[in-house]
Amino acid sequence: MSIVVALLQAVLLVALAPLVSGIARKIRAKMHAREGASALQDYYDLAKLWHRCEVREGGSGLVSRAMPPVFLGCFILIAAGLPLAMQACPIPILGDIITILYLMALPRFMFSLASIDSAGSYTAIGGIRELLVGVLVEPSLMLVLFVMAVAVGSTNVGIMANAVATLQAYPMVAVVVAAVACAMACYIEMGKLPFDLAEAEQEIQEGPLAAYSGPSLAMLKLGVSLKQLVVASLFVAIFVPFGAAAAAGPLDILIGFIVYLVKVLVVFLLASVIENSVMRVRYKLLGRYTWFVVGIASLSLVFLVIGI
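First things first, this report covers the structure right here in the doc. (Residues numbered from 1 in each chain as written. Predicted model: local features only at pLDDT ≥ 70, side-chain atom pairs only at ≥ 80, totals over all residues. Heavy atoms only, no water.)

Together, L251, L254, I255, I258, V262, V266 and L270 line one region of the surface with nonpolar side chains, adding up to about 660 Å² of accessible area. Mapping L251 onto the fold places it in helix α9 (residues 250–275). (Patch = residues over 30% accessible without salt bridge, like charges linked within 9 Å, V, L, I, M, F, W, Y side chains within 5 Å. Areas by Shrake-Rupley, 256 points an atom, 1.4 Å probe, with all protein chains shown as cover. Salt bridge = Lys/Arg side-chain N within 4 Å of Asp/Glu carboxyl O. Helix = DSSP H or I, 4+ residues; strand = E, 2+ residues; numbered from the N terminus.)

Quick look at the structure:
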């Protein structure tokens, strides 16, 4: 049953990722008093890209060819291991925070490495920006997950979810502050304004995507959409596990999936409202806006140490 749930989760998130991205774009259009494209537009774009011929830059090597499947595959593995419908991880080894952090870091590393492997200087600037965002946000996320691991006595996300759901995570103040810091860090990782724009493949935000076409670009666009959904799901799985199935019964799992979809939809609605209320900032100034995330994550560690 656990393997079936893991496969269902992976398939469900891959299938829903373009729809969630389309809904976020539709909300942006409505807030800007525009009609906007259909919420299903990403599906149309992916279908067109899969049937187009792939063109590669001269000088690009193995790294550029391997990056799209690695990027997409890492987030599919994370999606399969998170406790979404159940409080327990379907595949425990994929639900460990150390595994999750490495699987989240590998796509960013490959993304930046592929930008250097490319022949264009424009893509290299985009890769540098991606590394800068990683340096600014990943320490906060790592610190938050460390605080939760110490608070519940395990690095398994499923055990964290169960402890939060049963209100056994201690100390409680440290957990609440860690949840706030995690929400901020996940917002940045989702590629939301003012920090990023996940669909800006023609701008510096996603510069390396300009070097791809055809099926490779389709995998990357799907991977970027899936990343947003996976990061939001990580926050929901740990800090909002209420409604997830405590048992492995089919009906409990079905209800857990429905509750999970409602929670993720609420998260994306809130993120879309915040995103469309701010403006982009220059990537060299991102550190001025992310220092408070590090501060709140550090505060949660302080509360953990003093036991409140």
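Attention now goes to the packing of helix α6 (residues 157–165) against helix α8 (residues 214–239). At a minimum axis distance of 7 Å, the contact between α6 and α8 shows a crossing angle of 50°. Comparing the axis directions of α6 and α8 gives the class oblique. Only A237, I238 and F239 of α8 make contact with α6, whose side of the interface consists of V157, M160, A161 and V164. Of the residues contributing to the contact of α6 with α8, the split by class is 7 nonpolar, no polar and no charged. (Axes fitted to C-alpha atoms, helices over the stretch in contact; angles between N-to-C directions. Parallel < 35°, antiparallel > 145°, perpendicular 65-115°, else oblique. Contact = heavy atoms within 4.5 Å. Nonpolar A, V, L, I, M, F, W, Y, C, P; charged D, E, K, R; others polar.)

The next subject is the packing of helix α1 (residues 2–31) against helix α3 (residues 62–81). Two measures define how a pair of helices packs: the angle their axes make with one another and the distance between the axes. One way to put it is that α1 packs onto α3 with a least axis distance of 7 Å and a crossing angle of 130°. One way to sum up the angle between α1 and α3 is to call them oblique. As for the relative orientation of α1 and α3, their crossing is right-handed in sense. Across the interface between the two elements, A6, Q9, A10, L13 and V14 of α1 pack against I76, A79, A80 and G81 of α3. Its residues assigned to classes, the contact of α1 with α3 comprises 7 nonpolar, 2 polar and no charged. (Left-handed = near helix turned anticlockwise from the far one by under 90°.)

To continue, consider the packing of aromatic side chains. Counted under the stated rule, the structure contains 4 aromatic pairs. Residues F71 and F111 carry aromatic rings whose centres are separated by 5.9 Å and whose planes lie at 50° to one another, so their mutual orientation is tilted. One end of the pair, F71, is in helix α3; the other, F111, is in helix α4 (residues 97–117), and 40 residues separate them in sequence. Among the residues examined, F111 registers a relative accessible area of 2% and is labelled buried. Seen in terms of ring centroids, F235 and F239 are 5.7 Å apart; in terms of plane orientation they differ by 35°. Their pairing is tilted. You can see F235 and its partner F239 sitting in helix α8, 4 residues apart, about one turn around the helix. F239 shares its class with F235; the two are buried. (Phe/Tyr/Trp six-rings, centres within 6.5 Å; stacked < 30°, edge-to-face > 60°. Buried < 20%, exposed > 50% of the residue type's maximum accessible area, 1.4 Å probe, protein only.)

Let us now look at α9. Spacing of three or four residues puts side chains on the same side of an α-helix, whose turn is 3.6 residues. End to end, α9 covers 37 Å across 26 residues, agreeing with the expected 38 Å (1.5 Å per residue, within 8%). Those residues of α9 that sit buried are I253, G256, F257, Y260, K263, V264, F268, A271, S272 and E275. Lining the buried residues of α9 we find α1, α7 (172–189) and α8. (Expected span 1.5 Å × (residues − 1).)

We now examine the side chain of D96. Here D96 lies in the loop between α3 and α4. The side chain of D96 sits in the buried core without any salt bridge; R108 is the nearest counter-charge, 18 Å away. There is a polar contact of 2.9 Å between the side chain of D96 and the backbone nitrogen of I98. Among residues more than four places away in sequence, those in contact with D96 are T155 and N156. (Lys, Arg positive; Asp, Glu negative; His and termini not counted. Polar contact = N/O pair within 3.5 Å; in protein donor to acceptor, adjacent residues only side chain to side chain.)

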